[in-house]
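Here's the letter readout for the chains.
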Amino acid sequence: MSDLYPASAGHAMDAAENAEFLSENVTAQAVDFIMNTGFSDIPSAVLDMSRRCIVDTTGLYVGGLRERATQIIVEMAMSDGGRPDSFLLGAGEVCVPAQIAARALGISAHAHDFDDTQVSNDPAHVYGLLTHPSAAPLSSTLALSHKLGDVAGERFMAAFCIGFEVSCKISEWMKPDHYLRGHHSSGTVATFGSAASAAWLLGLDRKATQNAFGIAAAMAAGIRCNFGTMSKPWHVGRASENGVMAALMAQRGFTGDPNALDGKWGFASVLAGGFSQEKLGQGFGSDWSVVNPGVSIKPYPSGILTHQAMDMMRDLVIDHDVKPENVERIEFFAGDNILNPIRYPIAANHLQAKFSMAALFAMIVLYRRAGISEFSDALICTPQFQDMQRRIKTAVDPQINAMGFDLIRSRVVVVLKDRTEIRAEADNRYRGGPMSPMSETDIEEKFCACCDGLDRGLQDRILVAANHLTKVDGPTELVHALRAIPALG
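Fair warning: this is a prediction, and the values are worked out from it, not measured in the lab.

**Description of the environment of Val464**
Mapped onto the elements, Val464 comes out in helix α21 (residues 456–467). Separated by 14 residues in sequence, Val464 and Leu478 place their C-alpha atoms 8.5 Å apart.

What follows is the structure in structure tokens.
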């Protein structure tokens, strides 16, 4: 044997390293869940929360069409053409291959960083930084439903719920190193959620579904350096596309490792250092993640870690009637869990602003709101906005760091020009989170804000269709409504 491969020591090491992985079987659990779950197995609370997530994401499909990132992808799809399987969002009656349709939907859903976020109660995880669970499985399900043409509402809803649950459980069970190493789980793990929805909808058998997971593992990617650029929503677009591709390839007999999530060389080990062994007994669908620990439907189109602080600042500005011209400086103190990913000290454009506390606070101080209309390059680049950003400083608070990352903690000091100091601390009961969920009215208002500029009759048509997807012809109605959106340019 070559000296490159020591005979006994290497084999003994492999055996030791592999021992901890033998009991995982996460891929098998996921496949069992997909094979054995139908609409009748899904609790009513799960269906209701899933409906709310679908309504929210559908509004984001429309709002995302304003973003140049989405427009580029739609333009490319129209130029490339291909088999007319599924509708191309923002292109009227144009149809493209299903995986390309899913790509456009996925990037549009995440274009504003306004889509829902998975929550975890595990103190080992950075709170709120698991995955955006709706965009990829919903995009996959919508694109394939149009391709198949005969998908009833209950079947559509089951496919979405299954993909959502698969994404959430993989994210929850993986060690937190996945995110800390710089991976973006909405691009990596979401690929499996998209593939799970597609595999269920296509009716793949066990072997083909295992292959779909192996293929998905080969394509799952996304890294945090792209935050603040068009490539962050691209991660979700590719996850949506790759999940559909994986299922369609597996349907034709393309193979992948049947246990791709598990083992020394499996997805979780390579990208996260493995699974948390104590969580593997929870099972898929035994306690659905969409209701426990829940999901956050965002009130602001920015990173979820900013929302508690933005609510804190908004309340402070309104309660004390803080005028922009009276602000001398603002000091923001938080832990590394916030300040590492929210990484732009000064935002130069609206994409960076989503990950800049200075930009987000500047919006609140100047306009007392931070909605889609405030995230524009024209506004960000004004001298007034740039000046306000430079009055805002951030700093790591060692005491907050020492308390752990199970919650999002921060505090702020606003110093006025008359030397008055106003102090506040963030409350984890942020709007949209499981402890303070959005009402139906809140969700509808957000939907309408995302659809601003679209004919009101068409807005209502899309909203009604998204709210009633369990009707027999619900998916068809939603597709028809989305295709009625005027074509871009």
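**Section: the packing of α21 against helix α22 (residues 474–483)**
With their axes 8 Å apart at the nearest point, α21 and α22 run at an angle of 155° to one another. The angle between α21 and α22 falls in the class roughly antiparallel. Two packed elements cross with a definite hand, and for α21 against α22 that hand is left-handed. Facing Leu458, Arg461, Ile462, Ala465 and Ala466 of α21, the residues of α22 in contact are Glu477, Leu478, His480, Ala481 and Leu482.

**Description of the pattern of salt bridges**
The final tally for this structure, using the stated rule, is 26 salt bridges. With its nearest N and O atoms 3.2 Å apart, the salt bridge here joins Arg483 to Glu93. Taken together, the residues span a long stretch of sequence, with Arg483 in helix α22 and Glu93 in the loop between β1 (86–87) and β2 (95–96) at a distance of 390 residues. The class for Arg483 is buried, based on a relative accessible area of 13%. For Glu93, a relative accessible area of 60% corresponds to the exposed category. Arg238 is the salt-bridge partner of Glu241, the closest N and O atoms lying 3.1 Å from each other. Of the two residues, Glu241 and Arg238 are both situated in helix α11 (residues 231–251); the distance of three residues between them amounts to about one turn of the helix. The class for Glu241 is buried, based on a relative accessible area of 6%.

**Remarks on the nonpolar core**
Proteins that are soluble and globular tend to have nonpolar side chains buried together. Ranked by internal contacts, the top residues of the largest apolar core, which has 101 residues, are Leu142, Phe192, Ile462 and Ile485. If one sorts the elements of this core by residue count, helix α7 (residues 153–173) sits on top with 12 residues. Discounting residues that sit within four places of it in the chain, Ile462 has contacts with Thr58, Val62, Phe447, Leu454, Leu478, Ala481, Leu482 and Ile485. By size, the runner-up hydrophobic cluster in this structure holds 49 residues, among which are Ile330, Met357, Phe361 and Ala362.

Reading the values: rules and limits
Residues numbered from 1 in each chain as written. Predicted model: local features only at pLDDT ≥ 70, side-chain atom pairs only at ≥ 80, totals over all residues. Heavy atoms only, no water. Helix = DSSP H or I, 4+ residues; strand = E, 2+ residues; numbered from the N terminus. Axes fitted to C-alpha atoms, helices over the stretch in contact; angles between N-to-C directions. Parallel < 35°, antiparallel > 145°, perpendicular 65-115°, else oblique. Left-handed = near helix turned anticlockwise from the far one by under 90°. Contact = heavy atoms within 4.5 Å. Salt bridge = Lys/Arg side-chain N within 4 Å of Asp/Glu carboxyl O. Buried < 20%, exposed > 50% of the residue type's maximum accessible area, 1.4 Å probe, protein only. Core = buried A, V, L, I, M, F, W, Y, C linked by side-chain atoms within 4.5 Å.

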